[in-house]
Amino acid sequence: MFIEIPEGATHSFFKNLKRKDYVEKAAEIIQNEGIEAVSIRRIAKELDCSTTAMYRHFHNLNELLFYAQLSALNTYIYNLQQRSSSWKSIWDTHFDIWELYSDQAFRKPKAFELIFYQNMNKNLGSALKEYYEMFPEAIVNLTPLVKNMLEIPGFYERDWQIVQQIVEQGFLSEESGKKINHIECNLFLGYFKYVQETNIQPEEIPTLVNQFMNEIKEIISLYVTFEGNKTLHKISL
């Protein structure tokens, strides 16, 4: 619940700050010192306002950090837009999304943790719309597919949107599709946890992404069926 302005409060107490001011300041601190350096008291000091002023614009510090970290998605979204023009099949789409997502998640684990897992009920589509209204210079045009994905709040549900198309095209039974959905999401979370707990170097990330992708493809190959054939075949994807 947002805090109400106390009767008689002065402008100097709350100042004429907007959500954008808080997001910019939090993003600046994160870039220079890391997310751990951001606190309500620190933000208030930097913006020369009361610690309670932030609650006029955000429910809590976590919501502010969520918006401050959204810029971390720009590279992922841009890469998706660029790669999408070469997608010739649902497999291209599925594997490219996982490859690009894992690459950026492994490079920016704290930001992706905050955006995708600590705020799973957030509508990313709406949040990005507001973010781009605050920072129009950062606008990345969204294709319908990417836009629809970001509007789905749950991690498993976003992956299921693509897996469901694989099912509808006859490559997987619905039962197998649901298993694939859970297996590959859980596999990613295992890798993600490893990255969070390990001091992995940037030059190591491509190898880790490639290993993750090979395992996804190997697992899927155990389930995939050719269209019209109900027998499961192990295939090379």
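Cut-offs used in this document
- Residues numbered from 1 in each chain as written.
- Predicted model: local features only at pLDDT ≥ 70, side-chain atom pairs only at ≥ 80, totals over all residues.
- Heavy atoms only, no water.
- Helix = DSSP H or I, 4+ residues; strand = E, 2+ residues; numbered from the N terminus.
- Contact = heavy atoms within 4.5 Å.
- Areas by Shrake-Rupley, 256 points an atom, 1.4 Å probe, with all protein chains shown as cover.
- Phe/Tyr/Trp six-rings, centres within 6.5 Å; stacked < 30°, edge-to-face > 60°.
- Buried < 20%, exposed > 50% of the residue type's maximum accessible area, 1.4 Å probe, protein only.
- Lys NZ or Arg CZ within 6 Å of the ring centre and 35° of its normal.
- 1 Å grid on protein atoms, 1.4 Å probe; cavity = no way out; pocket = protein on both sides within 12 Å on 5 of 7 lines; lining within 4 Å.
- Points joined across faces, edges and corners; volume = space filled by probe spheres on them.
- Nonpolar A, V, L, I, M, F, W, Y, C, P; charged D, E, K, R; others polar.
- pLDDT = per-residue confidence, 0-100.
- Salt bridge = Lys/Arg side-chain N within 4 Å of Asp/Glu carboxyl O.

J.: Run through the overall build of the protein chain, naming residues and quoting values.
T.: On a plain count of helices and strands, the protein chain comes out with twelve helices and zero strands. Start at the N end of the protein chain and walk to the C end: the helices and strands fall as α-α-α-α-α-α-α-α-α-α-α-α. Considering only intrachain contacts with a sequence separation of at least 6, the fraction spanning at least 24 residues in the protein chain is 70%. As displayed, the protein chain offers around 12800 Å² of accessible surface, 50% of which is attributable to carbon and sulfur atoms.

J.: For the packing of aromatic side chains, give the residues involved together with the corresponding values.
T.: The tally for this structure, following the rule as stated, stands at 28 aromatic pairs. On the numbers, 5.2 Å between centres and 55 degrees between planes, the contact of Y101 with F188 is tilted. In this pair, Y101 sits in helix α6 (residues 90-107) while F188 sits in helix α11 (residues 174-197), placing the two residues 87 residues apart along the sequence. Assigned by exposure class, Y101 and F188 land together as buried. Their ring planes at 65 degrees and their centres at 5.3 Å tell us that Y191 and F212 sit as a pair that is edge-to-face. Here the residue Y191 occupies a position in helix α11, and F212 occupies one in helix α12 (residues 205-221), the gap between them amounting to 21 residues. We classify F212 as buried; its relative accessible area is 0%. R19 extends its terminal NZ or CZ atom over the ring of Y67, reaching a point 4.8 Å from the ring centre. Note that K217 overlies the ring of F95, its terminal NZ or CZ placed 5.2 Å from the centroid.

J.: Residues and numbers for empty space enclosed by the protein, please.
T.: To find the voids left in a structure, one rolls a probe of water-molecule size over its atoms. Summed over all chains, the structure comprises one cavity of 30 Å³ or more. Put simply, the largest cavity is a space of about 170 Å³. In this structure, the largest cavity is lined by Y76, H94, I97, W98, Y101, F116, M149, L150, F155, R158, D159 and I162. Of all the elements in the fold, those that place two or more residues in the lining of the largest cavity are α6, α9 (144-150) and α10 (155-168). Here the residues of the lining of the largest cavity sort into nine nonpolar, one polar and two charged.

J.: An account of the confidence of the model for the protein chain is requested, with residue identities and associated values reported.
T.: This prediction gives the protein chain a mean pLDDT of 83; 84% of its residues lie at or above 70. Averaged pLDDT values over the elements of the protein chain bottom out at 49 in helix α1 (residues 11-14) and peak at 96 in α12. Contacts of residues 1-12 to residues separated by more than four positions or lying in other chains number 14 contacts, the stretch itself having pLDDT below 50.

J.: Quick rundown of the pattern of salt bridges? Include the residues and the values.
T.: Considering all chains together, one arrives at twelve salt bridges under this definition. E46 is the salt-bridge partner of K25, the closest N and O atoms lying 3.8 Å from each other. Note that K25 is positioned in helix α2 (residues 19-33) and E46 in helix α3 (residues 40-47), a separation of 21 residues in sequence. Note on K25: relative accessible area 14%, which makes it buried. For R42, the salt bridge goes to E33, with nearest N and O atoms at 2.6 Å. Since its relative accessible area comes to 21%, R42 is described here as partly exposed. In this structure, a network of salt bridges that share partners links the residues K25, E28, E33, R42 and E46.

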